[in-house]
Amino acid sequence: MNGYKKAKERYAEVSVDTEKAIETLKNVSVSLHCWQGDDVRGFDTDPSKPLTGGIQTTGNYLGRAGNYQQLMDDIDLVLKLIPGKPKMNLHASYAIFEDGNWADRDKLQPKHFEKWVNFCKERGLGCDFNPTFFSHKKCDPLTLSSANEETRKFWIDHGKACIRVSNYLAQELNDTCVMNIWTGDGLKDIPGDRLGPRVRYKESLDEILKEPYDFNKVKPCIESKVFGIGVEAYTTGSAEFALSYAAFNKDKCIPLMDNGHYHPTEVVSDKISALLTFFDEIALHITRPIRWDSDHVVLFDDETKEIAREIVRCGIDKVNIALDYFDASINRVAAWVIGYRNVQKALLYGLLQPIEQLKKLQEEQKFTELMVKQEELKTMPFNEIWDEYCNRCNVPKDGQWFEIVEEYERKVLSKRTQ
């Protein structure tokens, strides 16, 4: 009897159908963030200049992608090593300019993302999108909340352009495009006015969302943050601001949570059900904060597993999942693969829980038995199910993929100049 068959029978003893879990996960989209491959540099500004707007990447590991072809080559390798149903996630700064067709961010057009659409079509991928409100000379340092009308108009026009690009991606790829709005707007020290910037931010968002789009195909999101580099004292788009805006505009946008964008003692796993009590769907960026929003590579750790369990319990079709981290201190391709596979593991772990049984124990107030069951589930033969899932997705199992990345580093990454 092979390992999977034994594990399948063991899970059946606790009323879990492993076949259903595997087939469900094969159809769950998780967005793969392009910016892990080049340290959030993008293609529309001088890569030698520092990142601004609360963005910081640490490390200088060899092999950073220096152009769109290198980035696509790296992503192609990642796609061969991860199971499931990935889709791309682009920032506006990854527009591809050739033949003198450069445009500033307020003038971006769908044609600047045509090569990405072709890339996605050839690989059967959908694509999510993000306006890029950082690392640009028009950050003063504020963007959508700036008191400077010219600055604010530039960034409003950028947001509108991104709506049009998102429409294009959704139509061309026949898949929903989640378009996330996040700015690093805020102040380094104690502000003299907190309300003014937030009123301007709200008005700017109102203007952006006047751009026509089909809410069934394009899902604008409002993402919050606690603080960032250079905005330690005050963040315009706080959690209260972002959630309030989404709640008052439920026909136009949805809230997005990033599990690195909260105080160290807060956990997003507890917030998912709170939001889904009031919203039909939400968006989620999965990362790994250490003390602050440090965007470390996602691990198969307790909070990632609990986030995934909560997604499954609340309805896996109600959460738009994406990765969001960038680590330049290790092999970037490996970082992509580690994080993506760990999110997939966490989702599979969640799908292998006897949810109805655990819910019933809670409702009957059998809390001792509930604790016993939850603890015993931790030693179930999960790895056998994971291996089977990888086999069915035709990707390497654990212990088989890293040597492929090492070979790619020797043959490709090590020869790049940075």
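Before any of the text, the structure's been laid out above.
The paragraphs below set out a description of the structure included in this document. Because the structure is predicted, anything quoted here is derived from the model rather than measured. (Residues numbered from 1 in each chain as written. Predicted model: local features only at pLDDT ≥ 70, side-chain atom pairs only at ≥ 80, totals over all residues. Heavy atoms only, no water.)

**Considering the pattern of salt bridges**
To keep things clear, this is the line we draw: We define a salt bridge as a contact between a side-chain nitrogen of Lys or Arg and a carboxyl oxygen of Asp or Glu at a distance within 4 Å. In this description a helix means any DSSP run of H or I spanning at least four residues, a strand means any run of E spanning at least two, and both kinds are numbered starting from the N terminus. Residue burial is assigned from relative accessible area. The probe radius is 1.4 Å, only protein chains are included, and a residue is buried under 20% of its type maximum, exposed over 50%, and partly exposed in between.
In total, this model carries 33 salt bridges according to the counting rule given. In this structure, lysine 345 and aspartate 398 form a salt bridge, with 2.7 Å as the shortest nitrogen-oxygen distance. You can see lysine 345 sitting in helix α10 (residues 332-351) and its partner aspartate 398 sitting in the loop between α13 (382-392) and α14 (402-411), a full 53 residues away along the chain. On the basis of relative accessibility, which here comes to 13%, the residue lysine 345 falls in the buried class. For the salt bridge of lysine 360 with glutamate 364, the shortest nitrogen-to-oxygen distance reads 2.5 Å. When its relative accessible area of 48% is taken as the criterion, lysine 360 is described as partly exposed. Through salt bridges with shared partners, one network takes in Glu19, Glu23, Lys26, Glu388 and Arg392.

**Focus on the packing of aromatic side chains**
The cut-off we apply is this: Aromatic rings from Phe, Tyr and Trp, taking only the six-membered ring of Trp, are treated as a pair when their centres fall within 6.5 Å; an angle between ring planes under 30 degrees marks them as stacked, one over 60 as edge-to-face, and anything in between as tilted. The rule is short: NZ of Lys or CZ of Arg within 6 Å of the ring centre and within 35 degrees of the ring normal puts a charge over the ring.
Per the stated rule, a full pass over the model turns up 14 aromatic pairs. With a centroid separation of 5.9 Å and an interplanar angle of 85°, the aromatic rings of tryptophan 401 and phenylalanine 402 are classed as edge-to-face. Judged by relative accessible area, tryptophan 401 falls into the buried class, the value being 11%. On the basis of relative accessibility, which here comes to 41%, the residue phenylalanine 402 falls in the partly exposed class. Cluster of aromatic residues (ring-pair linked, three or more members): Phe133, Phe154 and Trp155. For the cation-ring pair, lysine 219 lies above phenylalanine 215, with the distance from its terminal atom to the ring centre recorded as 4.5 Å. The side chain of lysine 250 reaches across the aromatic face of phenylalanine 279, ending 5.6 Å from its centre.

**Concerning the packing of helix α2 (residues 18-25) against α10**
Quick reminder of the rule: Angles here are taken between N-to-C directions and fall from 0 to 180 degrees, while the axes themselves are lines fitted to C-alpha atoms, restricted in helices to the stretch in contact. Here roughly perpendicular refers to angles of 65 to 115 degrees, roughly parallel to angles under 35, roughly antiparallel to angles over 145, and oblique to all remaining angles. Crossing handedness follows the turn of the near helix against the far one: under a right angle anticlockwise gives a left-handed crossing, and clockwise gives a right-handed one. Here, residues are in contact when the closest pair of their heavy atoms is within 4.5 Å. Under the scheme applied here, ten amino acids are nonpolar (Ala, Val, Leu, Ile, Met, Phe, Trp, Tyr, Cys and Pro), four are charged (Asp, Glu, Lys and Arg), and all others, including Gly, are polar.
Two numbers describe how α2 lies on α10: the axes approach to 9 Å, and their chain directions differ by 140°. By the criterion of interaxial angle, the relationship of α2 to α10 is oblique. The crossing of α2 and α10 is right-handed. Taken together, the residues of α10 that come into contact with α2 (itself represented by Ala21, Thr24 and Leu25) are Gln344, Leu347, Leu348 and Leu351. Looking at the contact of α2 with α10, its residues break down into 5 nonpolar, 2 polar and no charged.

**Considering the side chain of serine 93**
As for its position among the elements, serine 93 is in the loop between β2 (85-91) and α4 (114-123). Accessibility expressed as a relative area gives 3% for serine 93, which makes it buried. Each residue touching serine 93, except ones within four places of it in the same chain, is listed here: Gly42, Phe43, Asp44, Arg105 and Thr132.

**So, the nonpolar core**
Our working definition: The term nonpolar core refers to a set of buried residues drawn from Ala, Val, Leu, Ile, Met, Phe, Trp, Tyr and Cys, joined through side-chain atoms within 4.5 Å.
Grouped together as the largest cluster of nonpolar side chains are 132 residues, with contacts concentrated most on Ile75, Met88, Trp116, Phe129, Ile272 and Leu347. Tallying contributions element by element places α10 first for this core, with 12 residues.

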